[in-house]
Amino acid sequence: MSKVKNVLFLMADQLRADYLSCYGHPRLHTPNIDALATRGTLFERAYVQSPVCGPSRMSYYTGRYVTSHGATWNNIPLSAGEWTLGDYVRPLGPRVALVGKTHMRVDRDGMARVGLNGESEQGRYVAECGFEPYARDDGLHPDFIYDPDASYERYLRAHGYDGKNLWQDWANSGIDQDGNLLSGWYMRNARAPARIADEHSETAWTTDEAIGFIEAQGDRPWVLHVSYIKPHWPYIVSSPYHDRYGAEDCVPVVRAEQEKTAGHPVYQAFMHHAESEVFSRDEVRETVIPTYMGLIKQLDDHIGRLIACLEAQGRLDDTMIVLTSDHGDYLGDHWLGEKELFHEPSARVPLIVVDPSREADGMRGQRSHALVEAIDLIPTFVDALGGEVPYQRLEGRSLLPLLHGQTAAGEWRQYAVSELDYSFRQARRELGLGASDARAYMIATKDWKCVFYTHFRPQLFDLKNDAGELVDLGDIPAYQDRIREMREMLIEWLQTRKTRVTTTDADIDRLSAFAGKRLIGLW
């Protein structure tokens, strides 16, 4: 029998793996997250299914690749017909709730087509990505999409903050000595302390709500997704974290001149985006990165509070804890800002899993080099909670064999896949591509990474000898056999998508037993 009764699913937004001390950052110490790695298994090679908030999260929440669920970029609705985390684990008994962000857009047309009312219980689950929205708040409230009824906005108003857009003007802005607002939307203001008291910050509020949920459950089993909005921009943080780090704490930038002068056409088009041009300047990196580090330090401190709550409630022994991110952040590496492309700072994420069961004791404090993917989490949760994993629909794999030391990294999947639809970006227009032509696919193996673009040559990186991915081998004749080999992997992957989702393999086996007994075709 599984010892896992509850699941605490922690996700940070735009958190790079190598900005945690357990992943090797030399100046940013994250002891609470490191403690999770000591108690569980740290995965060195975890990849998201798309390095963009929306599609990445929809893969986390469906257990399916972007090609399969179809929500290929931010604000593309997830089909009402897709199953999500709650559909898989709620029948097993737990209450499935959300604190924080999902970035899910409702498929209103799909719900209307089948007469599903968003006010009904099932309709609400479909509209909220399968979660009970205990305290949903997606952050990012610029004036043009400002919602005065957002959970965090109501919280700030109740604590005496005033103004039209409290998220923007208090939690994500500073103020100068003359009382002028220093908007966090402008990166030059990153070193200013946010106006808000730290105990009212987004990260503190999210943690408070999560603690409130856990304390209220008693012995009832639960799955709680705590989805932090930070360290995603705006890059600004409250005191005392705003000046915790300085330019001297910034690790050296990873980039090469030949990337800029002779880079791949798609790559160069992304370099022309405003955030990339800005992050290519050292003064910007030295202003923003210390604040990014402060946001992560703040996050680590509050995760410490959350784990302390679990301990106080006696839940550490029956709760699986997962910490991950929806994608990374370039921070000027490879002359880029933001995320989206497939270099390690963008597509690789932290993944730490603490399994409280005795079977996992041998892997505590261990590092796995297996190629794992975001879509592996739902099968892991179902498996850990004692359910049968419906692999006719789920495209990930349960991590329990790795967590229990039953499967070695070399016996696991041989390549990881990530996808990108950049049709919404200026790069697509600069390259003269149609709205359906801006697609890219990453295949990453133990030692190699190949990126295939529609209408452009591939990129190839030798991860063993070029860990920084500074030398693109994609147009060198001597490496074409390697590219063909990895193209075969991509074709294999495309041919094995789970499209027959309404019938199990067992159903097929049972029905095919009657194939030889049909009367059709007899003389």
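What counts, and where the lines are drawn
Residues numbered from 1 in each chain as written. Predicted model: local features only at pLDDT ≥ 70, side-chain atom pairs only at ≥ 80, totals over all residues. Heavy atoms only, no water. 1 Å grid on protein atoms, 1.4 Å probe; cavity = no way out; pocket = protein on both sides within 12 Å on 5 of 7 lines; lining within 4 Å. Points joined across faces, edges and corners; volume = space filled by probe spheres on them. Helix = DSSP H or I, 4+ residues; strand = E, 2+ residues; numbered from the N terminus. Nonpolar A, V, L, I, M, F, W, Y, C, P; charged D, E, K, R; others polar. Pairing = 2+ DSSP bridges. Axes fitted to C-alpha atoms, helices over the stretch in contact; angles between N-to-C directions. Contact = heavy atoms within 4.5 Å. Buried < 20%, exposed > 50% of the residue type's maximum accessible area, 1.4 Å probe, protein only.

**Some thoughts on the layout of surface pockets**
Part 1 of the reasoning: If you add up the space inside the largest pocket, you get close to 1500 Å³.
Part 2 of the reasoning: Looking at the largest pocket, it is lined by 47 residues, and the ones nearest its centre are His-103, Asp-138, Gly-139, Leu-140 and Ile-145.
Part 3 of the reasoning: At the level of elements, helix H5 (108-113), helix H6 (121-127), strand S4 (132-136) and helix H12 (274-279) are the ones that each hand at least two residues to the lining of the largest pocket.
Part 4 of the reasoning: A per-class count over the lining of the largest pocket returns 23 nonpolar, 9 polar and 15 charged.
Part 5 of the reasoning: Quantified by volume, the second largest pocket comes out at close to 590 Å³.
Part 6 of the reasoning: Taken together, 24 residues line the second largest pocket, and the ones lying closest to its centre are Asp-18, Glu-344, Arg-348, Ala-467 and Gly-468.
Part 7 of the reasoning: If you list the elements that add at least two residues to the lining of the second largest pocket, you get strand S2 (41-47) and helix H14 (344-347).
Part 8 of the reasoning: Its residues assigned to classes, the lining of the second largest pocket shows 8 nonpolar, 5 polar and 11 charged.

**Description of the sheet that holds strand S10 (residues 366-373)**
In any sheet, the strands associate via hydrogen bonds between backbone groups, in a parallel or an antiparallel arrangement.
Part 1 of the reasoning: Judged by pairing direction, the sheet is mixed, and its 8 strands sit side by side in the order S4-S3-S7-S1-S8-S9-S2-S10 without closing on themselves. The sheet terminates laterally at S4 and S10, the two strands that pair on one side only. With direction set aside, neighbouring strand axes in the sheet form an average angle of 20 degrees.
Part 2 of the reasoning: Relative to strand S7 (residues 222-231), strand S3 (residues 95-100) runs parallel, the two sharing 6 bridges. Pairing of Val-96 across the sheet is with Val-223, part of S7.
Part 3 of the reasoning: Strands in contact with helix H1 (residues 31-39) are S2, strand S8 (319-325) and strand S9 (348-354); relative to S9, the strand with the most contacts, it is inclined by about 60 degrees.

**Here's the deal with empty space enclosed by the protein**
Part 1 of the reasoning: Applying the stated rule across the entire model yields 3 cavities of 30 Å³ or more.
Part 2 of the reasoning: Surrounding the largest cavity, Ala-171, Ala-194, Ile-196, Ser-201, Glu-202, Thr-203, Lys-230, Ile-236, Val-237, Ser-238, Leu-295 and Gln-298 form its lining.
Part 3 of the reasoning: Residue assignment for the lining of the largest cavity shows that the elements contributing at least two residues are helix H9 (202-217) and helix H13 (282-312).
Part 4 of the reasoning: Across the lining of the largest cavity, the residue classes break down as 6 nonpolar, 4 polar and 2 charged.
Part 5 of the reasoning: For the second largest cavity, the full set of lining residues is Ala-46, Tyr-47, Tyr-60, Thr-324, Val-349, Leu-351, Glu-373, Ala-374 and Leu-377.
Part 6 of the reasoning: Looking at the lining of the second largest cavity, the elements that each hand over two or more residues are S2 and S9.

**Concerning the pairing of S2**
Part 1 of the reasoning: Most of S2 is tucked away: 7 of the 7 residues are buried.
Part 2 of the reasoning: One ladder, built from 5 bridges, connects S2 with S9; its direction is antiparallel. For Thr-41, the partnering residue across the bridge sits in S9 and is Val-353.

**Digging into unusual backbone geometry**
As a rule of thumb, non-glycine residues mostly have phi less than zero, and peptide bonds are mostly trans rather than cis.
Part 1 of the reasoning: Omega for the bond connecting Trp-233 with Pro-234 falls within 30 degrees of zero, at 5 degrees, which places this linkage in the cis form.
Part 2 of the reasoning: Mapped onto the fold, Pro-234 is located in the loop between S7 and helix H10 (257-262).
Part 3 of the reasoning: Even without glycine at this site, Leu-331 takes up a positive phi of about 55 degrees.
Part 4 of the reasoning: Looking at the secondary structure, you find Leu-331 in the loop between S8 and H14.
Part 5 of the reasoning: The buried category is assigned to Leu-331, whose relative accessible area is 1%.
Part 6 of the reasoning: A positive phi angle, near 65 degrees, is found at Glu-338, a position not held by glycine.
Part 7 of the reasoning: Along the chain, Glu-338 turns up in the loop between S8 and H14.
Part 8 of the reasoning: What makes Glu-338 buried here is its relative accessible area of 15%.

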